[in-house]
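# Coordinates in review
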Amino acid sequence: MRQLAEHLGTVFRELQDTGPPLEETIRAIIGAVAEQHRIDPHTHRLLYDQAPRPPQAARQLRELQAGFAAHVEEHLRRLDVGGPDHYLTALLLVQAVDAQVHGAVLDPPSGRTTQQSIEAATTLCLRSLGGTP
């Protein structure tokens, strides 16, 4: 999880510095999460599919998601999307992206490629925020 946090921290800093439009922002975030799943698929499978989550591990995951959501919230505000509760939208987006990318990268549906699944998740996120791919 530390590697994911460090990588996403770099991505969030770059997004803050460059201030890209919505689609580029969402693609950068989803791409960064997907990249981390591709780099170490065994660990991600173990953490999400096989290992029990003791309370401390579950708490660490929630804290990590909350930290990512705070960064995403900044971008939702900057882009004026996400409705009246930017933090809640950001948190739901972080949780959705994590679940969707996990499935798309580690176990894409039959007849679909990983890239098709990531593109579908990106489209879903963009449309939920009122953007179009």
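Being a predicted model, the structure only gives us computed values, none of them experimental. (Residues numbered from 1 in each chain as written. Predicted model: local features only at pLDDT ≥ 70, side-chain atom pairs only at ≥ 80, totals over all residues. Heavy atoms only, no water.)

## Notes on the nonpolar core
Definition in use: Nine residue types can take part in a nonpolar core, namely buried Ala, Val, Leu, Ile, Met, Phe, Trp, Tyr and Cys, and a core is a set of them joined through side-chain atoms within 4.5 Å. Only protein chains enter the area calculation, which uses a 1.4 Å probe; residues under 20% of their type maximum are buried, those over 50% are exposed, and those in between are partly exposed. Here a strand is any run of E in DSSP of at least two residues, a helix any run of H or I of at least four, and the numbering for each starts at the N terminus. In this description, contact between two residues means that some pair of their heavy atoms is separated by no more than 4.5 Å.
Counting 31 residues, the largest nonpolar core has I26 and V72 as its most contacted members. In terms of residue count, the dominant contributor to this core is helix α5 (residues 86–106) (9 residues). Ignoring sequence-local partners within four residues, the contact set of I26 consists of L93, T122, C125, L126 and L129.

## Observations concerning empty space enclosed by the protein
Convention followed: Note on definitions: the grid is 1 Å and covers protein atoms alone; a cavity is a set of points where a 1.4 Å probe fits but cannot get out; a pocket is an open set with protein on both sides within 12 Å along at least five of seven lines; lining residues have an atom within 4 Å of a point. Grid points are joined across faces, edges and corners, and a volume is the space filled by probe spheres set on the points.
All told, the structure shown has 1 cavity of 30 Å³ or more when counted by the stated rule. Each pocket or cavity is described by its volume, and for the largest cavity that value is around 140 Å³. In terms of lining, the largest cavity is formed by 15 residues, of which the most central are L8, V33, F68, V94 and D98. Sorting the residues of the lining of the largest cavity by element identifies α1 (2–18), α2 (22–39), α4 (55–79) and α5 as the ones contributing at least two each. Among the elements that take part in the lining of the largest cavity, α4 stands out by supplying 5 residues, more than any other.

## Concerning the pattern of salt bridges
It is possible for side chains bearing opposite charge to pair when their charged atoms get close. Quick note on the threshold: Any Lys or Arg side-chain nitrogen located within 4 Å of an Asp or Glu carboxyl oxygen qualifies as a salt bridge.
Enumeration according to the criterion identifies 3 salt bridges in this entry. The salt bridge involving R27 is made with E23; its shortest N-O contact spans 2.9 Å. With R27 and E23 both in helix α2 and 4 residues apart, the pair spans about one turn of that helix. A relative accessible area of 29% means that E23 is categorised as partly exposed. Where R77 meets E73, a salt bridge forms, and the shortest distance between an N and an O atom there is 3.0 Å. Of this pair, R77 and E73 both sit in helix α4, 4 residues apart, which is roughly one turn of that helix. Judged by relative accessible area, E73 falls into the buried class, the value being 17%. Among the charged side chains, a salt-bridge network with shared partners connects E23, R27 and E119.

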